[in-house]
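Per-entry structural report
Here's the letter readout for the chains.
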Amino acid sequence: MCALDNRQAAARVMARCDELAAISESADGLTRVYLSPEHQRANALVGEWMQGAGMRTWQDAVGNICGRYEGQSAGAQALLLGSHLDTVRNAGRYDGMLGVIAAIEVVQRFHDLGIRLPLAIEIVGFGDEEGTRFGITLLGSRGLTGSWPQQWLAQADADGISVAQAMTAWGLDGSAIASAARPVGDFAAYLELHIEQGPCLEREALALGVVTAINGARRLNCHFIGQAGHAGTVPMSHRQDALAAAAHWMVAIEARTRQHGPQLVATVGRLQCHPGAVNVIPGEVELTLDVRGPEDHALAELLDDLLGEGEAIARQRGLSFAASQYYGICATRCDAAMQASLAQVLSEVQGRSLSLPSGAGHDAIAMAERWPVGMLFVRCAGGISHNPAEAVAAEDVGLAVDAYARWAQALAEQPPESAA
Ligand SMILES: [Zn+2]
């Protein structure tokens, strides 16, 4: 495609990212969560864009918006292109959305040129990847893979509304979730374009990169339990201050994770202190721990070390410590043949290719349970994401659409063997 086509495609993608970003539960910033009125509006708008690109559209049983562009023969196996349409709180406008909108632009290109491929192209805009509302992630993609645990229906949001209740209010039927699952034979592969959400491509002065693997992750709820007491009368030597213990542990988490290697990360993102009064020694602290890494055994070793340290700190201070994992996911390898075909395309469009792991979780994690997956990363400014300052360059987006279309076409003509 010529540079002008790429510029026009990029301009449309950027404008659509802006349009979607305006669909938010708050006027000052972007927040769009699963099964909200904004989710409904986003699906309607994305569905219109899909139809404009010559696709047939539908909404599935877990609230994903789906579209299909037929191949050379009706009912052919499809390549599935997708990403998510939900956001974190006060989000950027490209995380997830760019992948869906760029995929529509790819189909638009085939449609405009009258190209029909040996495989159909389907696009999915997942309703929940981030887990912002219910604290459980990948609800959209696990709908397609048919691996939705039944207990998810009872999971409640901050207002006490369960997934099942939210589904009913939204017009879905919690007992029909299984019908969102797609037979393995429906798709040859899953492709996802996503912003990098990290600084590696920018450091290498490259617009696009090939993802090798998605980091595994564990999330835990942790507790330090000490003794609440009078801030004025209990001497320092007699305290069992749960917050001081938590602070001690948090500093240790930072130091130890660094020692375990540069590809591992650990974060305490939420902390609640009880009773939480200025004149009371904290008796109990609840905090979360999130650890991630590209290799499962290294991650397990780190986690053992951090939890052992939490216990040791609690013991030294006369407190008790407990931790329970509520979420865990293994590292996900991207399909080798799909990595190779994407690397070939990136060498064509930007002179060279770079391969890198993904530090963030993506829908491709769930999709890899059933289908070969491949991911294309797009550079984002400063590696900043989950932040309103998230930004991509229009020039990079034009190149990304071009690369994505070439990659999809190459895979539609020669699907990865593992799908056969
Ligand atoms: Zn994302």
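All of these numbers come straight from a predicted model, not from anything done at the bench.

**Details of the environment of A366**
As for its position among the elements, A366 is in helix α10 (residues 364–367). Remark: the alpha-carbon pair of A366 and L144, spanning 222 residues in sequence, is separated by 8.9 Å. Among residues more than four places away in sequence, those in contact with A366 are L138, S141, R142 and T145.

**Re helix α2 (residues 37–52)**
With 16 residues, α2 extends 23 Å from end C-alpha to end C-alpha; this agrees with the ideal 22 Å at 1.5 Å per step. For α2, the full list of buried residues reads E38, H39, A42, N43, L45, V46, G47, W49 and M50. Contacts made by the buried residues of α2 are with α1 (3–21), β1 (56–59), β2 (65–69), α3 (97–113), β4 (120–126) and α5 (163–170). Just downstream of α2, G54 is the residue with a positive phi angle, here 85°.

**Considering the domain arrangement of the protein chain**
When its domains are assigned, the protein chain resolves into domain 1 (3–214 + 331–419) and domain 2 (216–329). Spacing between the C-alpha centres of domain 1 and domain 2 amounts to 35 Å. With eleven residues of domain 1 in contact, the opposing surface of domain 2 contributes eleven residues. Carbon and sulfur atoms make up 51% of the area that domain 1 and domain 2 hide from each other, which totals about 700 Å². The interface formed by domain 1 and domain 2 includes zero salt bridges. Connecting domain 1 to domain 2 are three residue pairs in polar contact (both at pLDDT 80 or more). Residue composition of the side of domain 1 that touches domain 2, grouped by class: six nonpolar, four polar and one charged.

**Describing α3**
A turn of α-helix holds 3.6 residues, and therefore any two residues three or four places apart point the same way. If you check α3, its first and last C-alpha atoms are 24 Å apart, about what 17 residues at 1.5 Å a residue would give, namely 24 Å. Phi turns positive one or two residues past the end of α3, at G114, with a value near 70°.

**Quick word on the nonpolar core**
If you look at the biggest cluster of nonpolar residues, it comprises 65 residues, and the most contacted ones within it are L20, L79, L98, L191 and Y404. Beyond its immediate stretch of four places on either side in the chain, Y404 contacts L81, G82, G99, A102, A103, V106, L191, E192, L193 and L376. Core analysis: the second largest hydrophobic core is formed by 28 residues, A78, L138, L144 and M375 among them.

**A closer look at the pattern of salt bridges**
Pairing is possible between side chains that carry opposite charge, provided their charged atoms lie close to one another. Scanning all chains against the criterion turns up 18 salt bridges. Measuring nitrogen to oxygen at the nearest pair gives 2.9 Å for the salt bridge that ties R256 to E309. Remark: E309 occurs in helix α8 (residues 296–317) and R256 occurs in helix α7 (residues 242–260); sequence separation between them is 53 residues. For the salt bridge of R406 with D402, the shortest nitrogen-to-oxygen distance reads 3.4 Å. Linking R406 with D402, this pair stays in helix α11 (residues 394–413), spanning four residues, or about one helical turn. Using a relative accessible area of 5% as the deciding quantity, one classes D402 as buried. Taken together, the shared-partner salt bridges in this structure form one network comprising R68, E70, E122, R182 and D186.

**Quick word on the packing of α1 against α3**
Running from amino to carboxyl end, α1 crosses α3 at an angle of 140°, the nearest separation of the two axes being 10 Å. It follows from the interaxial angle that α1 and α3 lie oblique. For the element pair α1 and α3, the recorded crossing hand is right-handed. Contacts between α1 and α3 involve D5, N6, A9, R12, V13, R16, C17 and L20 on the former and, on the latter, M97, L98, I101, A102, I104, E105, Q108 and R109.

**Observations regarding the UniProt feature "domain: Peptidase M20 dimerisation" (unreviewed entry) in the protein chain**
UniProt's feature table lists "domain: Peptidase M20 dimerisation" (unreviewed entry) at residues 214–306, given in the numbering used throughout. Here residues 214–306 runs as 32% helix and 34% strand, with 22 Å between its end C-alpha atoms.

**Quick look at the pairing of strand β3 (residues 78–84)**
In terms of residue burial, β3 counts as a mostly covered element, since seven of its seven residues are buried. The side-chain alternation of β3 yields two buried faces, one formed by A78, L80, G82 and H84 and the other by L79, L81 and S83. In terms of strand pairing, β3 meets β4 through seven bridges, oriented parallel. Residue pairing across strands places H84 opposite F126, the latter belonging to β4. Relative to strand β5 (residues 187–195), β3 runs parallel, the two being bridged by four bridges. When the sheet's bridge partners are listed, L81 is paired in β5 with L191.

Cut-offs applied
Throughout this document, residue positions are counted from 1 along each chain, in the order its sequence is written. Per-residue local features of the predicted model are confined to residues with pLDDT of at least 70, and side-chain atom pairs are confined, for both listing and counting, to 80 or more; whole-chain, interface and lining totals are unaffected and use all residues. Here the side-chain values reflect all heavy atoms present in the structure, with hydrogen atoms and water set aside. Strands are runs of DSSP state E lasting at least 2 residues, helices are runs of H or I lasting at least 4, and numbering of each runs from the N terminus. Note on contacts: a residue pair qualifies if any of its non-hydrogen atoms lie within 4.5 Å across the two residues. For a helix, the expected span equals 1.5 Å multiplied by the number of residues minus one. Relative accessible area decides the class of each residue, using a 1.4 Å probe on protein chains only: under 20% of the type maximum gives buried, over 50% gives exposed, and in between gives partly exposed. Each domain's limits were defined by an automated method or a database of domain assignments. Accessible-area loss on putting two parts together, using a 1.4 Å probe and summing over both, is the definition of buried area adopted here. Note on definitions: salt bridges are taken to be side-chain nitrogens of Lys or Arg within 4 Å of carboxyl oxygens of Asp or Glu. Polar contact is the term for a pair of N or O atoms within 3.5 Å; when the atoms are in protein, one must be able to donate a hydrogen and the other to accept it, and sequence-neighboring residues count only if both atoms are side-chain atoms. We call Asp, Glu, Lys and Arg charged. Ala, Val, Leu, Ile, Met, Phe, Trp, Tyr, Cys and Pro are nonpolar, and the rest, Gly among them, are polar. Joining through side-chain atoms within 4.5 Å is the link that ties buried Ala, Val, Leu, Ile, Met, Phe, Trp, Tyr and Cys residues into a set, and such a set is a nonpolar core. For helices, the fitted axis covers only the stretch in contact; all axes are lines through C-alpha atoms, and the angles between them, taken along N-to-C directions, range from 0 to 180 degrees. Convention used here: angles under 35 degrees read as roughly parallel, angles over 145 as roughly antiparallel, angles from 65 to 115 as roughly perpendicular, and any remaining angle as oblique. Each crossing gets its handedness from the near helix: less than a right angle anticlockwise from the far helix is left-handed, clockwise is right-handed. UniProt positions are given in the numbering used here, feature names are shortened, and annotations may be inferred rather than shown by experiment. Following DSSP output, two strands are said to pair if at least two bridges run between them.

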